[in-house]
Amino acid sequence: MKETFKVIGIIILSVLFYHCSQKNSDLLKTINIESNVKNMEMVNLGLFTDNIQYIILENLGNLPLRYLEQIEISDNLLLINDDINCLLFDIEGRIITQIGNSGRGPGEYGIVRNIGLDLSKNQKVYLSTLYDIYEFSISGSFINKYSRSLFLDDNIYISKWYLINDSMFFGH
């Protein structure tokens, strides 16, 4: 019996080594990027829309944005997340307030995974960390924490959600 397993194992390994050593250039398409660098062409944003508006965000030294992870845009507000900070700007780019604080204390959050802006009569901001959803007023004050609310069961959780009016639509 052991001899049979040895023979089968040797045959499988031989087949694997044979196929791995074969070079079939027809299966992989090679793109030579270096030779095509000079062939790039400029594409203007105006090809995609008639209305382009550039908004320069106010930069306050004590509330720096490292980068834009996620942005929610309404008619007159911008909610921006950079994983640590969640900041609310007006449509001109002037900072209105910081939404809550990053930290480990009550009402503080860790790494921000998702944000949502509810401008219905509720006027609230929602953000989520890996497991929890935090609710804030539009002025940035903490209202509530919904612990482990993104878990469907012990092994499955919702990683991205999108706020529609005053309800949540979950994507995945």
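Up top is the structure these notes are about.
The following refers to the structure shown. (Residues numbered from 1 in each chain as written. Predicted model: local features only at pLDDT ≥ 70, side-chain atom pairs only at ≥ 80, totals over all residues. Heavy atoms only, no water.)

### Overview of the packing of aromatic side chains
No. 1: Per the counting criterion, the structure on display carries five aromatic pairs.
No. 2: Taking 6.0 Å as the distance between ring centres and 85° as the angle between the ring planes, the aromatic pair formed by Tyr109 and Phe136 counts as edge-to-face. You can see Tyr109 sitting in the loop between strand S4 (95-98) and strand S5 (114-118) and its partner Phe136 sitting in strand S7 (residues 133-137), a full 27 residues away along the chain.
No. 3: Its relative accessible area of 0% is what places Tyr109 among the buried residues.
No. 4: Residue classification places Phe136 among the buried positions, given a relative accessible area of 0%.
No. 5: Seen in terms of ring centroids, Tyr134 and Phe136 are 6.5 Å apart; in terms of plane orientation they differ by 20°. Their pairing is stacked. (Phe/Tyr/Trp six-rings, centres within 6.5 Å; stacked < 30°, edge-to-face > 60°. Helix = DSSP H or I, 4+ residues; strand = E, 2+ residues; numbered from the N terminus. Buried < 20%, exposed > 50% of the residue type's maximum accessible area, 1.4 Å probe, protein only.)

### Describing the pairing of S7
No. 1: Judged by how many residues are buried, S7 sits mostly within the fold: five of five residues are covered.
No. 2: What you see with S7 is no split at all: Ile133, Glu135 and Ser137 on one side and Tyr134 and Phe136 on the other are buried throughout.
No. 3: Pairing of strand S6 (residues 124-128) with S7 involves five bridges; the strand directions are antiparallel. Looking at the pairing, Val125 lines up with Phe136 of S7.
No. 4: The antiparallel pairing of S6 with S7 creates a hairpin that spans four residues between the two strands.
No. 5: Of the strand pairs in this sheet, S7 and strand S8 (residues 142-146) are connected by four bridges, and their pairing is antiparallel. Following the sheet pairing, Tyr134 is matched in S8 by Lys145.
No. 6: Here S7 folds back onto S8, and the loop between the two strands holds four residues, one of which, Gly140, carries a positive phi near 100°. (Pairing = 2+ DSSP bridges.)

### What about the sheet that holds S5?
No. 1: The four strands are arranged S5-S6-S7-S8 in an open sheet whose pairing can be described as antiparallel. The sheet is open, and its two edges are formed by S5 and S8, each paired on a single side. Neighbour-to-neighbour, the strand axes of this sheet turn through a mean angle of 15°, independent of strand direction. (Axes fitted to C-alpha atoms, helices over the stretch in contact; angles between N-to-C directions.)

### Quick word on the nonpolar core
Most often, soluble globular proteins keep nonpolar side chains buried together rather than apart.
No. 1: Ranked by internal contacts, the top residues of the largest apolar core, which has 13 residues, are Leu79, Cys86, Ile99, Tyr109, Leu127 and Phe136.
No. 2: Mapped by element, the contributors of at least two residues to this core are strand S2 (77-81), strand S3 (86-90), S5, S6 and S7.
No. 3: In contact with Phe136, not counting residues within four places along its chain, are Ile99, Gly100, Gly107, Tyr109, Lys124, Val125, Leu127, Ser141, Phe142 and Ile143.
No. 4: Counting six residues, the second-largest nonpolar core is a separate cluster that includes Tyr126, Ile133, Leu150 and Leu163. (Core = buried A, V, L, I, M, F, W, Y, C linked by side-chain atoms within 4.5 Å. Contact = heavy atoms within 4.5 Å.)

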